[in-house]
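Commentary on secondary and tertiary structure
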Amino acid sequence: MKKILLSLFLLGGLLTSCDMDLKPIGSIDESQAIENANDCYMFRNGIYNNLRALATGRYLYQTELQMDQFLGCVQNGNRNGTLSNGVILSSDSDIENVWGGCYGAIASTNFFIPKAEELLQSGTLDAEDAIAVERYLGETYFARATFYFYLLDHFCPVYNETNKDKQLGLCLVTEYAPTAEKTHYPDRSTLAETYTFIENDLAKAYEMIKDFEENSGDGNAVGDMLTINAPYVNSYAVEALQARLALIKGDYATALAKAQDVMGAGIWRLQNRLQLSQLWTNDNSTELIFRPISTSTELGISSTGSAYISTDPNQADYLPTSQVVNELYPDGDKRLEAYFGVRDLLVEGTFYNNAPIFIKYPGNPALIIGGPNLMNMAKPFRLAEMYLIAAEAACELGQDKDASTYLYNLRSYRIQGAQNVQYSGNELRNEVRTERARELIGEGFRMSDLRRWGLGFTRSGEYPLNPAINDIIVKAGTTVQYQPNDYRYVWPIPATEMQVNPHLAGQQNPGY
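Overview of the structure. Quantities reported herein were computed from a predicted structural model and do not represent experimental measurements.

A word on helix H6 (residues 127-155). Its 29 residues place the ends of H6 42 Å apart at the C-alpha level, agreeing with the 42 Å of an ideal helix rising 1.5 Å per residue. Burial within H6 is extensive, with 24 of its 29 residues counted as buried.

Now for the side chain of Arg-44. As for its placement among the helices and strands, Arg-44 is situated in helix H2 (residues 37-54). Residue Arg-44 is classed as buried on the basis of its relative accessible area, which comes to 5%. Excluding residues that lie within four positions of it along the chain, Arg-44 makes contacts with Arg-135, Tyr-136, Glu-139 and Tyr-232.

Residues other than glycine seldom take positive phi values, yet Asn-229 does so here, at roughly 55°. For Asn-229, the location among the structural elements is in the loop between helix H8 (219-225) and helix H9 (235-249). With a phi close to 55°, Asp-283 is a non-glycine residue in the positive phi region. Counting through the fold element by element, Asp-283 comes out in the loop between helix H11 (276-280) and strand S2 (288-290).

Every other side chain in a regular strand lies on the same face of the sheet, so the side chains alternate between the two faces. Two strands pair when backbone bridges link them, and strand S4 (residues 340-347) and strand S5 (residues 350-358) are joined in this way by seven bridges, in the antiparallel orientation. Across the sheet, Gly-341 pairs through a bridge with Ile-357, a residue of S5. Between S4 and S5, which follow one another and run antiparallel, lie two residues, and Glu-348 among them has a positive phi close to 50°.

All right, on to the pattern of salt bridges then. Per the counting criterion, the structure on display carries 31 salt bridges. Salt-bridge contacts for Asp-317 lead to Arg-79; the nearest nitrogen and oxygen are separated by 2.8 Å. On the criterion of sequence distance, the pair formed by Asp-317 in the loop between S2 and strand S3 (318-320) and Arg-79 in the loop between strand S1 (70-72) and helix H4 (81-84) is long-range, its members being 238 residues apart. Note on Asp-317: relative accessible area 9%, which makes it buried. Note on Arg-79: relative accessible area 44%, which makes it partly exposed. A salt bridge links Arg-414 to Glu-287, with the shortest nitrogen-to-oxygen separation between them at 3.0 Å. Here the residue Arg-414 occupies a position in the loop between helix H15 (400-411) and helix H16 (425-440), and Glu-287 occupies one in the loop between H11 and S2, the gap between them amounting to 127 residues. The residues Arg-414 and Glu-287 share a single accessibility class, namely buried. Overlapping salt bridges, with partners in common, bring together Glu-287, Asp-333, Arg-335, Lys-360, Arg-382, Arg-411, Arg-414, Glu-431, Glu-435, Arg-438, Glu-439 and Glu-443 in one network.

Basis of the calculations
Residues numbered from 1 in each chain as written. Predicted model: local features only at pLDDT ≥ 70, side-chain atom pairs only at ≥ 80, totals over all residues. Heavy atoms only, no water. Helix = DSSP H or I, 4+ residues; strand = E, 2+ residues; numbered from the N terminus. Expected span 1.5 Å × (residues − 1). Buried < 20%, exposed > 50% of the residue type's maximum accessible area, 1.4 Å probe, protein only. Contact = heavy atoms within 4.5 Å. Pairing = 2+ DSSP bridges. Salt bridge = Lys/Arg side-chain N within 4 Å of Asp/Glu carboxyl O.

Now the structure itself:
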């Protein structure tokens, strides 16, 4: 076991930490790991564990705290302080852990894929087992694409036709071939090659998972896939990631088509505005396309809410800015009460009353173990995002009427008395961007959005409606500014990775 675990950490020169919940899977003898359909099923559980972990905790909140919508409270003990204060370093352990965690999970997929393919080609499986293994293989291709997408969206620049073959993408590790020989470590691909690789993995995933849905004959299994709160990856979750990838690539036609497919499935519907608490407290919603299971006996997740609030009712680490809580949401918008609240914070013996807090991840009562823990289930894909992708893609394609309709359809489920306004041009674009800021706050999209749009920001540190709160805000965070196309919108390749992999010499991201 020691040999296999060590080799997974060595894969591709990945000597950075992998302790952020995404775990490489290698605790069984490599030569006997995948011999039948049941072995594939058991190994697949670990793949799902990693997918679940990627959609919670710091994988979501780190970039949110880095951007414009939150300010540190002096109670936070400098937790996530460097990112929040605009100091992004290649030696940052949080960034190292993200890189190492994702590549550790990718190592697991690379271990499984060729063995499952060999098993399928062996002729030893009956028809029922063969289509099940094909499904597991499709899920694994989806997982590998998901991990690479996360890395792409954090460590790579914006894609365009001019720079796609010049700008650097990711180290594309496709084989489980662990070695301590540094000359075998990969260098970075081009941006175009990285996108193509992820697109190909998703195409394979879609084909295999769709085949299972249509041809397996297992009505119970398919029913568990094509349902609200689906615990397993379905073909529409694959299309949701294809839509997300196409949007950041600027392939608006594909983004729109994929989002339309998901919206038109007739399985999911937007959550009623009066029942948003079911979505964010109980993790139960008509719009959750894929929601990997967590239970009180098997969490497999990190707390997302603990980055903002505490189980202590008088504590909070990060507060939403005044602009967010006082200006972003219109009258009648039920997200304001679903996402935000107030607390009386006790700081150095003094109470600061009615401080705004972010409660989008308040903790699911069903996941409590021995006391409040602010744990919520992973929600990697939900229908509201598809409406926003469709609106943005349609806007950029000049389909103003359709884009306005998508906006209205979402707003009618969020804002009491929402008006069906037909926008156009820059006004439409601004409305789409504002709606993404309202709907997706705290879900890990903000850095990607601002980078894609080429926008900067100046974070405001003033609370004019409650000036006392200004006294408990981390001052270094109140002056953070990002210029359009700021280099900090792209994270650095971790310093430890640069040091251990000789092929990365000269391939660090600009600015670091």
